[in-house]
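Okay, here's what each chain looks like letter by letter:
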Amino acid sequence: MQIRFPEWLEKVDEDRQAAEKTRFLLRLAALYVDSEGRLSELSKACGLADNTLATVSRRQDRLSPEIAVKIEEVVGRDILPRELFRPDLFVTPEA
């Protein structure tokens, strides 16, 4: 699945863009787990404390590799592969 980021996200200041992209992807992942897109439900589905991803989304521009893998496992690789969250660590396979 190809993710198209919204136009407003591309206009965010460069120093905030990584954090905002992470936040956007977390919200998108949460919608696949919970109809209201609650990060607490995504956290629980990943086997984390229910406030973990909400805290991460406010404080970090990148997820840990472990959390990226957990989200991929919960939501599905075909929907949100780990490479989207950590392109610096995971290589996207060539089609």
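(A) Geometry of the confidence of the model for the protein chain. The pLDDT averaged across the protein chain works out to 89; a share of 95% of its residues lies at or above 70. Mean pLDDT across the elements of the protein chain bottoms out in helix H4 (residues 52-59) (89) and peaks in helix H3 (residues 39-45) (97).

(B) Region of interest: the environment of alanine 19. Following the sequence through the fold, alanine 19 ends up in helix H2 (residues 14-33). Assessed through its relative accessible area of 5%, alanine 19 is described here as buried. Taking C-alpha positions, alanine 19 is 6.2 Å from glutamine 60, a pair spaced 41 residues apart along the chain. With near-sequence residues (within four places) excluded, alanine 19 lies in contact with Gln60 and Asp61.

(C) Seen up close, a nonpolar patch on the surface. A grouping of Tyr32, Val33 and Val74 is seen on the molecular surface, where their side chains present a nonpolar patch of about 220 Å² in accessible area. Its place among the elements puts valine 33 in helix H2.

(D) Representation of helix H5 (residues 65-75) in the model. Listed as buried for H5 are Ile67, Ala68, Val69, Ile71, Glu72 and Val75. Downstream of H5 by one or two residues, glycine 76 has phi in the positive range, about 115°.

(E) How the structure looks around the pattern of salt bridges. Evaluation of the coordinates by the stated rule reveals 11 salt bridges. Between glutamate 20 and arginine 16 there is a salt bridge, with the nearest N and O atoms lying 3.1 Å from each other. With glutamate 20 and arginine 16 both in helix H2 and four residues apart, this pair spans about one turn of that helix. For glutamate 20, a relative accessible area of 17% translates into the label buried. For glutamate 41, the salt bridge is made with lysine 44, and the minimal N-O distance between the two is 3.0 Å. Linking glutamate 41 with lysine 44, this pair stays in helix H3, spanning three residues, or about one helical turn.

Cut-offs applied
- Residues numbered from 1 in each chain as written.
- Predicted model: local features only at pLDDT ≥ 70, side-chain atom pairs only at ≥ 80, totals over all residues.
- Heavy atoms only, no water.
- pLDDT = per-residue confidence, 0-100.
- Helix = DSSP H or I, 4+ residues; strand = E, 2+ residues; numbered from the N terminus.
- Buried < 20%, exposed > 50% of the residue type's maximum accessible area, 1.4 Å probe, protein only.
- Contact = heavy atoms within 4.5 Å.
- Patch = residues over 30% accessible without salt bridge, like charges linked within 9 Å, V, L, I, M, F, W, Y side chains within 5 Å.
- Areas by Shrake-Rupley, 256 points an atom, 1.4 Å probe, with all protein chains shown as cover.
- Salt bridge = Lys/Arg side-chain N within 4 Å of Asp/Glu carboxyl O.

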